[in-house]
Amino acid sequence: MSSVAVLTQESFAEHRSGLAQQQVKVTALNSEEENDPPTYKEAFPPLPEKAPCLEAAQEPAGPWSKIRPIKASVITQVFHVPLEERKYKDMNQFGEGEQAKICLDIMQKTGAHLELSLAKDQGLSIMVSGKLEAVMKARKEIVARLQTQASATVAIPKEHHRFVIGKNGEKLQDLELKTATKIQIPRPDDPSNQIKITGTKEGIEKARHEILLISAEQDKRAVERLDVEKVYHPFIAGPYNKLVSELMQDTGTRINIPPPSVNKTEIVFTGEKEQLAQAVARVKKIYEEKANSFTVSSVSAPSWLHRFIIGKKGQNLAKITQQMPKVHIEFTEGEDKITLEGPTEDVNVAQEQIEVMVKDLINRMDYAEINVDHKFHRHLIGKNGANINRIKDLYKVSVRIPPDNEKSNLIRIEGDPQGVQQAKKELLELASRMENERTKDLIIEQKFHRTIIGQKGERIREIREKFPEVIINFPDPAHKSDIVQLRGPKNEVEKCTKYMQKMVADLVENSFSISVPIFKQFHKNIIGKGGANIKKIREESNTKIDLPAENSNSETIVITGKRANCEAARHRILAIQKELANITEVEVSIPSKLHNSLIGAKGRFIRSIMEECGGVHIHFPTEGSGSDTVTIRGPAQDVEKAKKQLLHLAEEKQTKSYTVDLRAKPEYHKFLIGKGGGNIRKVRDNTGARIIFPTSEDKDQELITIMGTEEAVKEAQKELEALIKNLDNVVEDSMVVDPKHHRHFVIRRGQVLREIADEYGGVMVSFPRSGTQSDKVTLKGAKDCVEAAKKRIQEIIEDLEAQVTIECTIPQKFHRSIMGPKGSRIQQITRDYGVQIKFPDREENPAPVAEPVVQENGEEGGEGKDGKDADPSSPKKCDIIIISGRREKCEAAKEALQALVPVTIEVEVPFDLHRYIIGQKGSGIRKMMDEFEVNIQVPAPELQSDIITITGLATNLDRAKAGLLERVKELQAEQEDRALRSFKLTVTVDPKYHPKIIGRKGAVITQIRTEHEVNIQFPDKDDESQAQDQITITGYEKNAEAARDAIMKIVGELEQMVSEDVTLDHRVHARIIGARGKAIRKIMDEFKVDIRFPQSGAPDPNCVTVTGLPENVEEAIDHILNLEEEYLADVVDNEAMQVYMKPSSHEESKAPSKGFVVRDAPWATVNNEKAPDMSSSEDFPSFGAQVAPKTLPWGPKR
């Protein structure tokens, strides 16, 4: 009988879709094959079978149940090493160091796999995987090498030792492996019966127990085993095993209680039968007593609530244990129960209390677990736990974040249900924000870091305020790193990067630096009064200008900023110097090969020329430039002198140069040089040699260098050596000086004497002590120096004797301004004229001028008074300044002082301009006062006065007045300009045209505003009180009208515009629009039209609207129709190609199918077996789908 089986096409969809196209065609054409389906064996041929398998195949299914599961060859054991027994306790080195090396060594030796983890109690958990033998060996190694070792001894009869060792020592080895200990049994010839056990405390107890059991079994006396629950063992043993020891002593029986670490409940008794029975009875009695009074109970509580039940530092639990000290409460990590042990009554009370506590906590507590990538955990925690502590405090929850070494993503939140949800939400938001974060390293030269940070972090604070979501980290200055790290949201980091790169580019551009040598005496002029000049140059040139300190010998001013700005500032500074002095600049050509020798070691030679020629500046080109041009700048006469000397020296260097070094004490140098360089010039003129003395910066202060031709140098050397020899010849001499002049020499801590000593080779001048009437002055030093010093002292005495004192009357109120800042002006006059100036003491409470002082003096009849005192025109004592010195110099100094007296003038300025003259926070008036070196007083606003007073030196008043009037003119012009600029014009424009006038992103209106310099205001859409068709233009009348015309022109064009609809096949719309609308924008810009495409779901998807001027609209429509024709041809071609393409499996599946048909299938035979159910996942499983498990004869799979 022939039968067929049908399988639906869906079951073979994958098979059919994989067929080659040609095969499909053949199958379709071959109708005969369809009418005659293949047999089951033809479609599914059976696999070839071997002979032995045939027998097995004939066996019934029953024998399968006899198959036993194969035991796994790999086992896993976990060992725990308590903290106190750990050999290596360094917490910082977990996973590294000696401990890790030992683990690797054990793994290599034994072939077992080790995993270490640190428990909460800092104990060590070690998981060992591998074959049983490897695991046992590894365990022994771990105990020996990672755990601290202890030792104990156990005594058993000598004859039992061999049973402990076993055949070939196998028993002993097995025992050592099981207990991870080292067991040492005494040799047979050793009379000792003590067996030594070395290992961990736990291992020793196990080994001892096993050895005693072996001994007990071998003992010929009676042995009894009593099964007692483990919990009662401590009560039988007693504290420190005292009870069991007493029992053994009383009965003479050996009682072996298994240690706590061994999971056995059996207690072994060994001894004489009667005594053994007594011992067993007593143990049973202890057990029964305790069993009746002792209970073990448990309370069900989720493990996450355990720490809340325990409370902070165990407070909650302490309350229970204090009430019931005999109750032992045990919490097991990971288990949802709490175990209670103790007297029955106490346990019941404690259980009740804990159950109430658990119920309360479950009602008011909740927890949530969230998954956050562990790399974000430290950011969630924040610096010093700032973020996580804030969340904990805010929501009153506990957040448990796993430590870094666990690499776990799970964060647990526990607490009030509402707080838990809020904390969960915030943490997830933070995590999602961090996932969007990126970190970027920015390379910025370290020298710019301080500038970017700014003084007291001002600039970096501005950047952080601008980009609040970006974290900016600068490297430690000590690390010399250029990497600045930015972290935050991707877009913000990119913006911040661009901003900082621009800032760095500006810094690089602004970090150009040039040095300008300026004569020291002109520095104060460049600075100006109160720094006015230098401030003005800095502001106008936008540069940083650094001047050397007053006490510094440097003349170089350093300018930093943009190159062009630095050059401008340099030009202005040089112009000030040129204006103040007759400064010229000369260029000299000297071969570059001679430059180094002319400059000399550390610039000594060239510095000596500059000093000798009045401090001119000589600038050599940079080394390697190849330039021969040397620049000399300074006063014309000095420049010429320096030029001659430089050329002469260069000529000498080219012909032949000879150099000799001499040594002389530094105190002799000034004397050798002479006053104004007179002595040394004399030697130079006589010999033609150049003599160079060391500067204060040189290390060797005794070295004097002579340069020139050999003959000239030797002659100069001879003269100088003679002078030095004379100076070394110390003599003592004396002279007479009138005691009235002594004070002049010793005042100001002997300043005059110090100057004489410096100038004349360190000569010592000793004046007699004050109080003695001696006129003898002693001088000690080199003979020539002493003579020169005597001559100088005589000159000073002559000046003192010719000295006069004159009075200069200047009102006291002007004294401070005459003195100048820190007395600088008065010190300058004292130096310039060689005089002494004494100001009177200040009068604290001057008497009013109106008081009739004259009458009172008149009444006394002038007794004891001079007639001058009565004269009202006579000057006050506090106004008189005393000047001492030579008469002609005193007079000149008096004139100089009077020239410094400030004068006051009044200038009339309209009151309404006063506030503009003062400026914002007084900046305007302060700038004028600094510029003209005067004081400008503006009357108070309540006075409504037009008079402004200017006080200052007469020379500055005219300039200040002119400057003030000039400023008034500027302000009046500005007022007029403001009035003209405030002209308003209103234009009426239909609101529908407003968007077109504004343009895209305001482009059109911005152009009109900029082009015509006007302000254009559109009506507020939300303000109904405003006319919506009114546009207001503000500016100059002419400009406002021009802007109006521009707007009206746009309106006119808009009114002329037309809209036309054109039908475009929707299939070409995407091509015409282009990527991101680029193509359509190009068309709209080219034809000056607006093109709108229909939105999805529009009634007519082919309708496109074109708006613009009529001629432009027509041209644009023609253009897009041409494009449609071109693109439509491509679309038609593509559609034609699709016809020949292979249809998708989805389309195929829609066609009706008979399925796959076979004949003579097993389910269609005479046995009438049921055909397979094609909907069943068991008969026809699909890949990757879960299948319902079958019940197997050997039990479920493991």
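Please read these numbers as outputs of a predicted model, since none were measured by experiment.

Right, let's get into the packing of helix H43 (residues 1003-1012) against helix H44 (residues 1037-1056). Running from N to C, H43 and H44 cross one another at 155°; their axes reach a closest spacing of 9 Å. Classified by the angle between their axes, H43 and H44 sit roughly antiparallel to one another. Pair H43 / H44 crosses with right-handed handedness. Between H43 and H44, the contacting residues are Val1004, Ile1008 and His1012 on the first element and Asn1039, Ala1042, Ala1043, Ala1046, Ile1047 and Ile1050 on the second. A breakdown of the residues in the contact of H43 with H44 according to their chemical character gives seven nonpolar, two polar and no charged.

Strand order in the open sheet formed by three strands is S5-S7-S6, and the pairing between neighbours is antiparallel. The sheet is open, and its two edges are formed by strand S5 (150-155) and strand S6 (182-184), each paired on a single side. The mean inter-strand angle of the sheet, taken between neighbouring strand axes irrespective of direction, is 20°. Bridge count between S6 and strand S7 (residues 194-199): three bridges; the pairing is antiparallel. Its bridge partner lying in S7, Ile183 is registered against Ile197. Relative to S7, helix H10 (residues 201-218) is tilted by about 150°, and along the sheet it contacts S5, S6 and S7.

Moving on to the pattern of salt bridges. One pass over the structure, following the stated rule, counts 25 salt bridges. Here Asp506 and Lys502 are joined by a salt bridge, their closest N and O atoms 3.9 Å apart. In this pair, Asp506 and Lys502 both sit in helix H22 (residues 490-510), four residues apart, roughly one turn of the helix. Asp506 gets classed as partly exposed once you look at its relative accessible area, which sits at 31%. Judged by relative accessible area, which is 56%, Lys502 ranks as exposed.

On to the nonpolar core. Among the nonpolar cores identified, the biggest contains 22 residues, and Val737, Phe745, Ile756, Tyr760, Val763, Val765 and Ile793 are the most heavily contacted of them. With eight residues, the top contributor of residues to this core is helix H33 (residues 783-801). Formed by 21 residues, the second largest nonpolar core is a distinct cluster that contains Leu598, Val616, Val630 and Met707.

All chains considered together, the criterion is met by one cavity of 30 Å³ or more. Estimated volume of the largest cavity: approximately 30 Å³. Where the lining of the largest cavity is concerned, the elements lending two or more residues are H10, strand S9 (254-256) and strand S10 (266-271). Here the residues of the lining of the largest cavity are counted per class, giving three nonpolar, two polar and one charged.

This brings us to the confidence of the model for the chain. Counting all residues, the mean pLDDT for the chain is 77, and 84% of those residues have values of 70 or more. Low pLDDT, under 50, characterises residues 847-870; the predicted model gives this stretch eight contacts beyond four residues in sequence or across chains. Scored below 50 in pLDDT, residues 1145-1151 makes three contacts in the model with residues more than four places away or belonging to other chains.

As a further point, take the pairing of strand S3 (residues 113-118). The pairing of S3 with strand S4 (residues 124-131) spans six bridges and is antiparallel. Opposite Glu115, over in S4, you have Met127 as the bridge partner. Linking two consecutive strands that pair antiparallel, namely S3 and S4, is a turn of five residues; a positive phi of about 70° is found at Gln122 within it.

The rules behind the values
- Counting of residues starts from 1 at the beginning of each chain's written sequence and follows it residue by residue.
- Only residues with pLDDT of 70 or above have their local features reported here, since the model is predicted, and side-chain atom pairs are shown and tallied only from 80 upward, although totals for entire chains, interfaces and linings are computed over all residues.
- Remark: hydrogens and water are excluded; side-chain values derive from all non-hydrogen atoms of the structure.
- Fitting a line to C-alpha atoms yields each axis, with helices limited to the stretch in contact; the angle taken between N-to-C directions then spans 0 to 180 degrees.
- Under the scheme used here, helices are H or I runs from DSSP no shorter than 4 residues and strands are E runs no shorter than 2 residues, and both carry numbers assigned from the N terminus.
- Convention used here: angles under 35 degrees read as roughly parallel, angles over 145 as roughly antiparallel, angles from 65 to 115 as roughly perpendicular, and any remaining angle as oblique.
- Should the near helix be turned counterclockwise from the far one by less than a right angle, the crossing is left-handed, whereas a clockwise turn marks it as right-handed.
- The contact definition used throughout considers only heavy atoms, calling two residues in contact when any of these lie within 4.5 Å.
- Just so you know the grouping, Ala, Val, Leu, Ile, Met, Phe, Trp, Tyr, Cys and Pro go in nonpolar, Asp, Glu, Lys and Arg go in charged, and all remaining residues, Gly too, go in polar.
- Criterion used throughout: strands pair if DSSP finds at least two bridges between them.
- Salt bridge, as used here, is a side-chain nitrogen of Lys or Arg placed within 4 Å of a carboxyl oxygen of Asp or Glu.
- Working definition: with a 1.4 Å probe on protein chains only, accessible area under 20% of the residue-type maximum means buried, over 50% means exposed, and in between means partly exposed.
- Here, the term nonpolar core denotes a set of buried Ala, Val, Leu, Ile, Met, Phe, Trp, Tyr and Cys residues that are joined through side-chain atoms within 4.5 Å.
- Residues are said to line a cavity or pocket when one of their atoms sits within 4 Å of a point; the points come from a 1 Å grid over protein atoms alone, cavities being sets where a 1.4 Å probe fits but cannot get out and pockets being open sets with protein on both sides within 12 Å along at least five of seven lines.
- Grid points are joined across faces, edges and corners, and a volume is the space filled by probe spheres set on the points.
- Known as pLDDT, the predictor's confidence for each residue is given on a scale from 0 to 100.

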